[in-house]
Amino acid sequence: MTSTLEIVSFLLCLGGLATIGATLLNDYWKVSSIHGSVITTTTLFENLWQSCAKDSTGVSNCREFDSLLALPAYIQACRALMIASILLGFIAAVLSLLGLKCTKIGLSDEDRKTKFAVTGGFLFILGGLCSMVAVSWYAAMITAQFFDSLYAGTKYELGDALYLGWAGSVLCMLGGILLTCSCKGKKNEDYSFNKYTYSSAQAAPRQDAYTKNSETVISNKEYV
């Protein structure tokens, strides 16, 4: 059961990591809103790296952001958080693969494999939190500008990439929690087995008897 839980947890984490990677590359982090707009022939959409415009014929023209320092602070922070999430997920995947009970790669000591798996699960949780903060922060800025009546710029709505980011973050955190719990359960099973073995291996109490003057004398411990 523990090995099955480890494999399921690892697959969840890998799926979450792949989804987070797709989120970072997706163009539709925010899409221009048609609410209250009369002209809808052009659709604007952005991600963390570029801004694009698509006309009614389906032709898109994209322009990368010119300067990193000229970007709003939340976009710079979201970039850093998403990159950190992917790096943490990659490191966690390697450590978890080495620590899985069903794998024989690199390590043979069960204690070290457990430590590697727990560390990988913790890094998956941390990576999921990083991407969750980045996506939620970006979505909060979009909604704040949308409902701000004094905001004179283009108003946007939540793009598909944000929903992918939320899904990937949840998968990473859920898989990391399950992976950590499965390793803890395995340690408890090992402790119970060792305790049972020690108890069963105890020798039976020895009866002390000796002979004195051709008479057998039984010790006080065994005399009733």
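Per chain, the residues get numbers from 1 upward, laid out in the order the sequence is written. Predicted model: local features are reported for residues with pLDDT of at least 70 only, side-chain atom pairs are reported and counted for 80 or more only, and whole-chain, interface and lining totals are derived from all residues. The side-chain numbers reported here are obtained from all heavy atoms of the structure, hydrogens and water having been left aside.

As for the state of the cysteines
Disulfides are defined as pairs of cysteine sulfur atoms found within 2.5 Å of each other. In this structure the tally under the stated criterion is one disulfide. Here C52 engages in a disulfide with C62; their sulfurs sit 2.0 Å apart. Between C52 and C62 the sulfur-sulfur dihedral comes to about 110°; the bridge is accordingly right-handed. Residue C52 is located in strand β3 (residues 50-54), and its partner C62 is located in strand β4 (residues 60-64); the two are separated by ten residues in the primary sequence. Throughout this description, buried means an accessible area under 20% of the type-specific maximum (1.4 Å probe, protein chains only), exposed means over 50%, and partly exposed covers the range between. Among the residues examined, C62 registers a relative accessible area of 43% and is labelled partly exposed. Free of any disulfide, C13 has its nearest cysteine sulfur in C172, 5.9 Å distant. Where helices and strands are cited, they refer to DSSP runs of H or I of at least four residues and of E of at least two residues respectively, numbered from the N terminus.

Notes on the packing of helix α1 (residues 2-25) against helix α2 (residues 73-99)
Under this scheme, a helix contributes an axis fitted over its contacting stretch, all axes are lines through C-alpha atoms, and angles between N-to-C directions fall in the 0 to 180 degree range. Remark: α1 packs on α2, axes separated minimally by 10 Å, with the N-to-C direction vectors making an angle of 155°. With respect to α2, the element α1 is oriented roughly antiparallel. For the element pair α1 and α2, the recorded crossing hand is left-handed. Along the contact surface, α1 presents F10, L14, L17, I20, G21, T23 and L24, while α2 presents M82, S85, I86, G89, F90, A93, S96 and L97. All amino acids are sorted into three groups, where Ala, Val, Leu, Ile, Met, Phe, Trp, Tyr, Cys and Pro are nonpolar, Asp, Glu, Lys and Arg are charged, and the leftover types, Gly among them, are polar. Classifying every residue of the contact of α1 with α2 gives ten nonpolar, five polar and no charged. Oblique is the label for every angle not falling under 35 degrees (roughly parallel), over 145 degrees (roughly antiparallel), or within 65 to 115 degrees (roughly perpendicular). Left-handed describes a crossing whose near helix is turned anticlockwise from the far helix through less than a right angle; right-handed describes the clockwise counterpart. Note on definitions: a residue-residue contact is assigned when non-hydrogen atoms from the two residues lie within 4.5 Å.

Here's the deal with the side chain of S131
Along the chain, S131 turns up in helix α3 (residues 110-146). By the criterion applied in these results, polar contacts are pairs of N or O atoms within 3.5 Å in which, for protein atoms, one can donate a hydrogen and the other can accept it, and in which residues neighboring in sequence qualify only through two side-chain atoms. Within polar-contact distance, the side chain of S131 engages the backbone oxygen of G128 at 3.0 Å. Setting aside anything within four residues of it in sequence, one finds S131 in contact with I20, M82, S85 and S169.

A short note on the pattern of salt bridges
The salt bridge criterion pairs a side-chain nitrogen of Lys or Arg with a carboxyl oxygen of Asp or Glu, the two atoms within 4 Å. Tallying each qualifying case throughout the model produces two salt bridges. Among the salt bridges present, the one from R63 reaches D66, with a minimum N-O distance of 3.7 Å. When its relative accessible area of 72% is taken as the criterion, D66 is described as exposed.

A short note on the nonpolar core
For soluble globular proteins, the rule of thumb is that nonpolar side chains tend to be buried together. The set of buried Ala, Val, Leu, Ile, Met, Phe, Trp, Tyr and Cys residues whose side-chain atoms join them within 4.5 Å is what this entry labels a nonpolar core. Core analysis: the largest hydrophobic core is formed by 27 residues, its most contacted members being W29, L48, I75, M82, F124, Y138 and L162. Contributing elements (two or more residues each) for this core: α1, α2, α3 and α4 (160-200). In this view, Y138 contacts W29, K30, E46, N47, L48, Y74, I75, C78 and L162; residues no more than four positions away in its chain are not counted.

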